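# Examination of the molecular architecture
These are the residues of each chain, in order.
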Amino acid sequence: MLDWLKNINKPYPEFYKNYVSKFEKKSNRFVALSIETTGLNIEKDVILSFGAIGVVNDTILVGDSFEVAIPQYKYLHDNGITNDFLMESSIPKLVEPIAIEKLLEFVGNSTLVGHRINFDIEMLNMVLSKMECGRIKNEALDIEVMYRKLHDITDKSFSLDELSSLFKVPKADRISATDDAYSIALLFLKLKSRLGLWN
């Protein structure tokens, strides 16, 4: 039997069904999202923290934010990695399944905005798969792709720090996923304006 046919009536967890039901309507909210991971291998690496901030009508809603660390003790121990700063910080900590559930609740049907956002989405999809859920449904925009489109660049990559410098976006003292999400939100508004999108 075809895989998609097997999964068509699959009983997804309630939180995921609630998330999917939100897409019956379109949202004018964007969510700048940053995910910190242990590396760039989708199958082997794990998520350490999320930072997300809402953006509506060209305004960054600092009060509309989400931040959580995921204690991945087994992975870190097995791979000889320490992340003491994250674990000892005051960032709220949740186990991975609950963190993902809360993130989807926060994001809802918003358009996701990130730096190399496809990687972040695939990391989320990997965890959702382990939780016997479907995939991320949100539309997504990538600020690096937006910048390359603005300047018609096809052969160069730009880190978040490089984009921040190019647009004179101040860098935060404390490096966290939420700091990065705020930088992404600022860059998104500048790029959106210059590209003439949704004005």
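Just above, that's the structure.
No experiment lies behind these values; they were computed from the predicted model shown.

When the terminal C-alpha atoms of helix H9 (residues 177-195) are compared, their 26 Å separation across 19 residues agrees well with the 27 Å that a helix rising 1.5 Å per residue should span. Among all positions of H9, only Ala-177, Thr-178, Asp-179, Ala-181, Ser-183, Ile-184, Ala-185, Leu-187, Phe-188, Leu-189, Leu-191 and Lys-192 are buried. One or two steps after H9, the chain reaches Gly-196, where phi turns positive at roughly 70°.

With that settled, consider the packing of aromatic side chains. Enumeration according to the criterion identifies seven aromatic pairs in this entry. Aromatic side chains Tyr-147 and Phe-167 sit 5.8 Å apart centroid to centroid with 80° between the ring planes, which places their arrangement in the edge-to-face category. Placement of the pair is Tyr-147 in helix H7 (residues 143-150) and Phe-167 in the loop between helix H8 (160-166) and H9, with a sequence separation of 20 residues. With relative accessibility at 7%, the residue Phe-167 sits in the buried group. Connected via pairs of aromatic rings, a cluster forms that spans Tyr-12, Tyr-16, Tyr-19 and Phe-23. Between the NZ or CZ atom of Arg-29 and the centre of the ring of Phe-106, over which it lies, the distance is 4.7 Å.

Where helix H5 (residues 96-107) contacts helix H6 (residues 117-130), the two axes come as close as 11 Å, and the packing angle between them is 120°. With respect to H6, the element H5 is oriented oblique. Crossing geometry of H5 relative to H6 is assigned as left-handed. Two secondary-structure elements touch here, H5 through Glu-96, Ile-100, Leu-103 and Leu-104 and H6 through Leu-124, Val-127, Leu-128 and Lys-130. Class assignment of the residues belonging to the contact of H5 with H6 gives a composition of six nonpolar, no polar and two charged.

On to the side chain of Asp-120, then. Here Asp-120 lies in helix H6. Arg-116 is the oppositely charged side chain nearest to the buried, salt-bridge-free Asp-120, at an N-O distance of 9.6 Å. Ignoring sequence-local partners within four residues, the contact set of Asp-120 consists of Leu-33, Ser-34, Ile-35 and His-115.

Scoring rules and cut-offs
Residues numbered from 1 in each chain as written. Predicted model: local features only at pLDDT ≥ 70, side-chain atom pairs only at ≥ 80, totals over all residues. Heavy atoms only, no water. Helix = DSSP H or I, 4+ residues; strand = E, 2+ residues; numbered from the N terminus. Expected span 1.5 Å × (residues − 1). Buried < 20%, exposed > 50% of the residue type's maximum accessible area, 1.4 Å probe, protein only. Phe/Tyr/Trp six-rings, centres within 6.5 Å; stacked < 30°, edge-to-face > 60°. Lys NZ or Arg CZ within 6 Å of the ring centre and 35° of its normal. Axes fitted to C-alpha atoms, helices over the stretch in contact; angles between N-to-C directions. Parallel < 35°, antiparallel > 145°, perpendicular 65-115°, else oblique. Left-handed = near helix turned anticlockwise from the far one by under 90°. Contact = heavy atoms within 4.5 Å. Nonpolar A, V, L, I, M, F, W, Y, C, P; charged D, E, K, R; others polar. Lys, Arg positive; Asp, Glu negative; His and termini not counted. Salt bridge = Lys/Arg side-chain N within 4 Å of Asp/Glu carboxyl O.

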